[in-house]
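Chain by chain, the residues run as shown.
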Amino acid sequence: MTFRVETLDGARCGARCPHVIVADGVIETSTPQAFVDFLKSGAEDRDLKRIVFFNSRGGNVVASMAFGHILRDLRIAGVVGRFRSDGDSGPFAGECLSACVYAMMGAVRRVAPPGSEVALHRMSIVETEAEGWFGQRTKRSFADAPMIAVLARYARRMGVSPALVRAAESLPPETMHVLTPEEMRRWSFAVSQF
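The shown structure was predicted, so the numbers you read here are calculated from the model rather than taken from an experiment. (Residues numbered from 1 in each chain as written. Predicted model: local features only at pLDDT ≥ 70, side-chain atom pairs only at ≥ 80, totals over all residues. Heavy atoms only, no water.)

**Thoughts on the sheet that holds strand 7 (residues 117–120)**
- Pairing in this open sheet of three strands is mixed, and the strands run 5-7-10 from one edge to the other. The open sheet terminates on both sides in strands that have one partner only, identified here as strand 5 (95–97) and strand 10 (177–178).
- Relative to strand 7, strand 5 runs parallel, the two being bridged by three bridges. Directly across from Glu95, in strand 7, lies its bridge partner Glu117. (Pairing = 2+ DSSP bridges. Helix = DSSP H or I, 4+ residues; strand = E, 2+ residues; numbered from the N terminus.)

Below, the structure written as structure tokens:
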């Protein structure tokens, strides 16, 4: 995942527009520390608001929870949205899929504006094993009951209903479920505007 600062100029505020953090890409094991390092490097920016715009297809669930804890400890809000790199003003609708949902849970305020997608799927690990002369074999394993319990406790601590975790883990493999605004409200995951 990469981090950068963008100017939030949808309000046409000119030179006084606040700066926000944009988080784009896959959440990897190195992402939580990379985020901390990024914040340290921009500590002098007085216009930087405690808001992260997420645009991610997911990644590592454990790293996502660690990232979420950092967001909570620093009292940072999260918005599903993206900024273009072509200089066009933003934000635009984004996506927070799979493990991104667990990172965003840590935000003190969570917003998924209309047009943005938040989607769940069943957590899994795909491992590749060598099989002698005949190539490779892939093996897919799913979260066990203790890991699901960890995710449910994490969700509860972050103010999100553990029912969201149960819904994700009950999906058939290869199925992605896009949350409706009603589901996001019911599970206390996000609202549609600040």
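**Digging into the packing of helix 4 (residues 145–157) against helix 5 (residues 162–169)**
- Packing of helix 4 against helix 5 brings their axes to within 7 Å, and their N-to-C directions diverge by 145°. The interaxial crossing formed by helix 4 with helix 5 has right-handed handedness. Across from Ile148, Leu151, Ala152, Ala155 and Arg156 in helix 4, the residues of helix 5 making contact are Pro162, Val165 and Glu169.
- A per-class count over the contact of helix 4 with helix 5 returns six nonpolar, no polar and two charged. (Axes fitted to C-alpha atoms, helices over the stretch in contact; angles between N-to-C directions. Left-handed = near helix turned anticlockwise from the far one by under 90°. Contact = heavy atoms within 4.5 Å. Nonpolar A, V, L, I, M, F, W, Y, C, P; charged D, E, K, R; others polar.)

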